[in-house]
Amino acid sequence: MNSPIGLFDSGVGGLTVAREIMRQLPNEDLVYFGDTARVPYGSKSKQTVLKYSRQIVRFLRTKDVKAIVIACNTASALALDEIAAEIDIPVIGVVKPGAKMAVETTKTGNIGIIGTESTIKSGIYNDYIRELNPDITVVSKACPLFVPLVEEGLLEDRVTEDIVARYLQEMKEYKVDSLVLGCTHYPLLRNTIKRFMGDGVRLVNPAFETAKSLKELLGEQGLLNPNRHKPEYEYFVSDGVDKFISFADSVLPIHVNDTKVIDIESY
Ligand code: DGL
């Protein structure tokens, strides 16, 4: 099927998910929306994130998308079930694929989850993990300073190392051997987190797992694009085009030329 896949995030972070989809599904066209005017979602209530997500889904549907990827952990945690029940095209979030991989990789049965305040408060990773294996111990921790550090480009800075150590010390104490990077920005801190946690801890990137699950889902439903072609990528934001483009250029394997601002409140 030739229609594009729609994906959205609270801002730039979902580009880490777009990057994995571009790599794993190179025939698919994409429409990306980043809600740069209303970011962050990670400290907002379910009601607000659900309202924003519904507006974005209405916008993406005007682009005739064949499936929607909620490329934001917070929106996946707070809005996926409602959105999936309201529309008649497949919707996939980033939480379930990440939780599944963590369960498959742990040997000690101790899994760590890090994410925004709202994702951690929702308890959704714990719920999915316990559904898959009730014997697993889940240690979860909100790491609210990670998002601004990434947005400031401080990926391997001394300050970042100190904050990583402060947030993740308890993950070491609980001897987790599988740590889910449960926020779109955290895979960009992978090297710093890995150095602190050590080689014995597997870092699970939900973005990678989501692209894998999306490929399976589209395949099962006969929705993969069979035409080999240079894929088309369209980008929309609710504010701040220049900042979006410079972040996109640091994350994506391609240069982003054109990004349009839309009035998301009107959807
Ligand atoms: N995209 C968000 C997430 O993955 C992080 C940024 C925010 O708080 O909006 O949870």
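Here, every reference points to the structure presented above.
**Here's the deal with helix α9 (residues 190-197)**
Move 1: Here α9 has its buried residues at Thr192, Ile193, Phe196 and Met197. Along the axis of α9, the buried residues cluster in a sector spanning 125 degrees; they form a single face.
Move 2: Residues of α9 that are buried sit in contact with β5 (110-115), α7 (146-151), α8 (158-173), β7 (178-182) and β8 (202-204).
Move 3: After α9 finishes, the residue Gly198 shows a positive phi value of roughly 90 degrees.

**What to know about the sheet that holds strand β10 (residues 259-261)**
Move 1: Pairing in this open sheet of six strands is parallel, and the strands run β4-β3-β1-β2-β9-β10 from one edge to the other. In the strand order of this sheet, the two ends are held by β4 (91-93) and β10, each with one partner. Direction aside, neighbouring strands of the sheet carry axes that sit 20 degrees apart on average.
Move 2: Both strand β1 (residues 5-9) and strand β3 (residues 67-70) contribute to a ladder of four bridges, which runs parallel.

**Here we look at unusual backbone geometry**
Move 1: Between Val39 and the following residue, Pro40, the backbone shows a cis peptide bond with an omega angle of 0 degrees.
Move 2: Its location among the elements puts Pro40 in the loop between β2 (30-34) and α2 (46-61).
Move 3: Backbone geometry at Asp64 places phi at a positive 60 degrees, although glycine is not the residue there.
Move 4: Tracing the sequence through the fold places Asp64 in the loop between α2 and β3.
Move 5: Assessed through its relative accessible area of 55%, Asp64 is described here as exposed.
Move 6: With phi around 55 degrees, Lys175 is a residue other than glycine that occupies positive phi space.
Move 7: With respect to the helices, strands and loops of the structure, Lys175 is situated in the loop between α8 and β7.
Move 8: Since its relative accessible area comes to 60%, Lys175 is described here as exposed.

Parameters and conventions
- Residues numbered from 1 in each chain as written.
- Predicted model: local features only at pLDDT ≥ 70, side-chain atom pairs only at ≥ 80, totals over all residues.
- Heavy atoms only, no water.
- Buried < 20%, exposed > 50% of the residue type's maximum accessible area, 1.4 Å probe, protein only.
- Helix = DSSP H or I, 4+ residues; strand = E, 2+ residues; numbered from the N terminus.
- Arc of directions from axis to C-beta.
- Contact = heavy atoms within 4.5 Å.
- Pairing = 2+ DSSP bridges.
- Axes fitted to C-alpha atoms, helices over the stretch in contact; angles between N-to-C directions.

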